[in-house]
Amino acid sequence: MNISRRSALVAGAATLAGCAPTAPDVSGGFAGASLARGHLLRGPREWPIPAVSRQADVVIAGAGIAGLAAARALRQRRVEDFVLLELEDTAGGNSRGGELKGIACPLGAHYLPVPGEGAREVQDLLEELGLRRRVNGRWQYDERHLCHAPQERLYYQGEWQEGLLPLAGAGASTLAQYVRFAREVEQARQGGAFQIPERARARLRAWDGETFAAWLERHELTDPQLRWYLDYCCRDDFGAGSATVAAWAGLHYFASRHGFHPPGAEGGEREALLTWPQGNGWLAQALAAPLGDRVRGGQVVLRIAEQAHGVEVDVLDARSQRVERWVAQRCIVALPAFVAARVVENAPSPLRALGARTRYAPWVVANLHLTSPLADAPGMPTAWDNVVYGSDSLGYVVATHQNLNPAPGPTVLTWYCAPGEAARADLLQQPWTYWRDRVIAELSVPHSDLRSRLTQVEVARYGHAMPIPVPGALSALPPPPDTPRLQYAHGDWAGYSIFEEAFTIGHRAGSR
Ligand SMILES: Cc1cc2nc3c(=O)[nH]c(=O)nc-3n(C[C@H](O)[C@H](O)[C@H](O)COP(=O)(O)OP(=O)(O)OC[C@H]3O[C@@H](n4cnc5c(N)ncnc54)[C@H](O)[C@@H]3O)c2cc1C
């Protein structure tokens, strides 16, 4: 059966399961990023003359992971006179956490793989936070923060199986393709072009000229199960499928970490992940906590202008609706490139080009509050990450998975969906109930009792969540156009968005 046929079946089953249950008794609404605040910058608009002028040595515009990492690096260099100006009420950007009826849950990013040897800055952070330490000459991670088993499962052919690579009924030709893909990944790994954080970008250009799907075709890797799995991985990592992202991006997750392990291969144990009930919001909170009131939420940066005497940063205070001006010696622009290109006066051409060229993936994250854990289809028990084969979404993680209390009680599932660029308008136009009904329809297939346990759904929308690494984007990626007063720091400057890149870029900007 080909992928589209399977998708149609799952979608059909989902519609059947979901057609009755529009769910009027399930409360909820939108949560997370404020689209209205972000869209203040969309059209040309005259802002009032700033009513107040304030001063700091350094202004950091944007308190996502890159901005927070920059602040930490400043403090390491004993620069304490700085502020972070953040559009949302709290810091963290795509890595914020939230809670639903008192249960912590992610609003966006939810895990960090145990960093490899190249990610020195991230290792250093994890040591500082007490998550990683040397015991008898070996590095160990705090068990409480490593993802507990079982880690992943896939709903496939009416049962839950362990891991996300489809296995049930996999014939010899499917298994042979799994083995061949593993060999291709191994070959790509040789030579060290794939690293996290990316330090050898130029060497990835060899894989930047075609889509991952075209690369797979060329290598005669056409098995539907393998292709579904790899497409899923691309959507999960980049918010766009294998027919959209460049070949390097499709290989990157495997080739920059521990390779791809076909069933039964040596070293095939799951990669260790760090995760928390509130996802990477835990890391964001840990970074923000020592900064105190230097993190200023509800501040929409409208203009950043380099002047002879310093940098002027004009912000709209969302509560008072007053425009204020900060004057600083330096500014770290930790904003997405398309925002930075709008607010930086006389934006340098590399920034304008990156802002204009980058294609962003929209994302939707829905948190579902349940009175008790769901009953299950046969097979593998509930894992941290639970994916339905052939569905348009990316499945759900269980926010209470890391709890040490074995007594089952209320829980929260966090459902992820990268609906594609064409669906961006849906994020603006559709009511929250559209996403609620979509989640219910999809998850009612493996969980027929979902409706009876569901009490509340909170939907977070990200219109421009992360850059899509389309073919050619990496080759055209400029280095940040830093000047003595302006430094640029955001995951967009890596060409793809993960914690390690955002953190390292921010750390380096703060260190400069
Ligand atoms: C749904 C989702 C799931 C993800 N899952 C993972 C994961 O599991 N693991 C992982 O490693 N990565 C994940 N990511 C990638 C994530 O983007 C990065 O890990 C990281 O959080 C990016 O940080 P950043 O600082 O580069 O960007 P951002 O998070 O975009 O930070 C930019 C900040 O600037 C602020 N801002 C924007 N405009 C203005 C303005 N005009 N004025 C003031 N402030 C402004 C924003 O509000 C934001 O706080 C996920 C992303 C999404 C969207």
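Presented here is an overview of the structure given in this document.

## Looking at the site of the ligand
Thinking step 1. Around the ligand, the structure places 35 residues, and the nearest of them are Glu 86, Asn 94, Ser 95, Gly 491 and Ser 497.
Thinking step 2. Measuring from an oxygen atom of the ligand, one finds a backbone N or O atom of Ile 65 at 3.1 Å.
Thinking step 3. In the environment of the ligand, an oxygen atom lies 2.9 Å from a nitrogen or oxygen atom belonging to the backbone of Ala 66.
Thinking step 4. Burial of the ligand by the protein chains amounts to 94% of its free accessible area of 1000 Å².
Thinking step 5. Mapped onto the shell around the ligand, the elements with two or more residues apiece are helix H3 (65-76), strand S13 (299-306), strand S16 (360-370), strand S20 (454-467) and helix H16 (499-511).
Thinking step 6. Here the residues of the shell around the ligand are counted per class, giving 21 nonpolar, 12 polar and two charged.

## Here we look at the state of the cysteines
Thinking step 1. This model, assessed by the stated rule, comprises zero disulfides.
Thinking step 2. Sulfur of Cys 105: no disulfide; nearest cysteine sulfur belongs to Cys 147 and is 16 Å away.
Thinking step 3. What makes Cys 105 buried here is its relative accessible area of 2%.
Thinking step 4. Unpaired in this structure, Cys 233 has its nearest cysteine sulfur neighbour in Cys 234, at a distance of 6.9 Å.
Thinking step 5. On the basis of relative accessibility, which here comes to 11%, the residue Cys 233 falls in the buried class.

## Notes on the pairing of strand S8 (residues 138-141)
Thinking step 1. Pairing geometry for strand S7 (residues 132-135) and S8, over four bridges, is antiparallel. Residue pairing across strands places Arg 134 opposite Trp 139, the latter belonging to S8.
Thinking step 2. If you look at the hairpin formed by S7 and S8, you'll find two residues sitting between the two strands, and Asn 136 has a positive phi there, around 50°.

## As for the side chain of Arg 461
Thinking step 1. Within the fold, Arg 461 resides in strand S20.
Thinking step 2. Side-chain polar atoms of Arg 461 contact the backbone oxygen of Leu 427, separated by 2.7 Å.
Thinking step 3. In contact with Arg 461, not counting residues within four places along its chain, are Phe 30, Ala 31, Ala 33, Leu 35, Trp 363, Leu 427 and Leu 428.

## Things to note about the pairing of S16
Thinking step 1. Across the 11 residues that make up S16, a large majority, 11, are buried.
Thinking step 2. In this sheet, S20 lies alongside S16 in antiparallel orientation, the contact comprising 10 bridges. Its bridge partner being in S20, Ala 361 is matched across the sheet by Met 466.
Thinking step 3. Across seven bridges, S16 lies against strand S19 (residues 411-417) in antiparallel orientation. Bridging from a neighbouring strand, Leu 370 pairs with Thr 411 of S19.

## Focus: the pattern of salt bridges
Thinking step 1. All chains considered together, the criterion is met by 28 salt bridges.
Thinking step 2. A salt bridge links Glu 500 to Arg 257; its shortest N-O distance comes to 3.3 Å. Highlighted residues: Glu 500 in helix H16 and Arg 257 in the loop between helix H9 (247-255) and strand S11 (273-275), separated in sequence by 243 residues. With respect to class, Glu 500 is no different from Arg 257; both count as buried.
Thinking step 3. Through salt bridges with shared partners, one network takes in Arg 303, Glu 312, Asp 314, Arg 325 and Glu 345.

Each value, and the rule that gives it
Residues numbered from 1 in each chain as written. Predicted model: local features only at pLDDT ≥ 70, side-chain atom pairs only at ≥ 80, totals over all residues. Heavy atoms only, no water. Near = heavy atom within 4 Å. Polar contact = N/O pair within 3.5 Å; in protein donor to acceptor, adjacent residues only side chain to side chain. Areas by Shrake-Rupley, 256 points an atom, 1.4 Å probe, with all protein chains shown as cover. Helix = DSSP H or I, 4+ residues; strand = E, 2+ residues; numbered from the N terminus. Nonpolar A, V, L, I, M, F, W, Y, C, P; charged D, E, K, R; others polar. Disulfide = S-S within 2.5 Å. Buried < 20%, exposed > 50% of the residue type's maximum accessible area, 1.4 Å probe, protein only. Pairing = 2+ DSSP bridges. Contact = heavy atoms within 4.5 Å. Salt bridge = Lys/Arg side-chain N within 4 Å of Asp/Glu carboxyl O.

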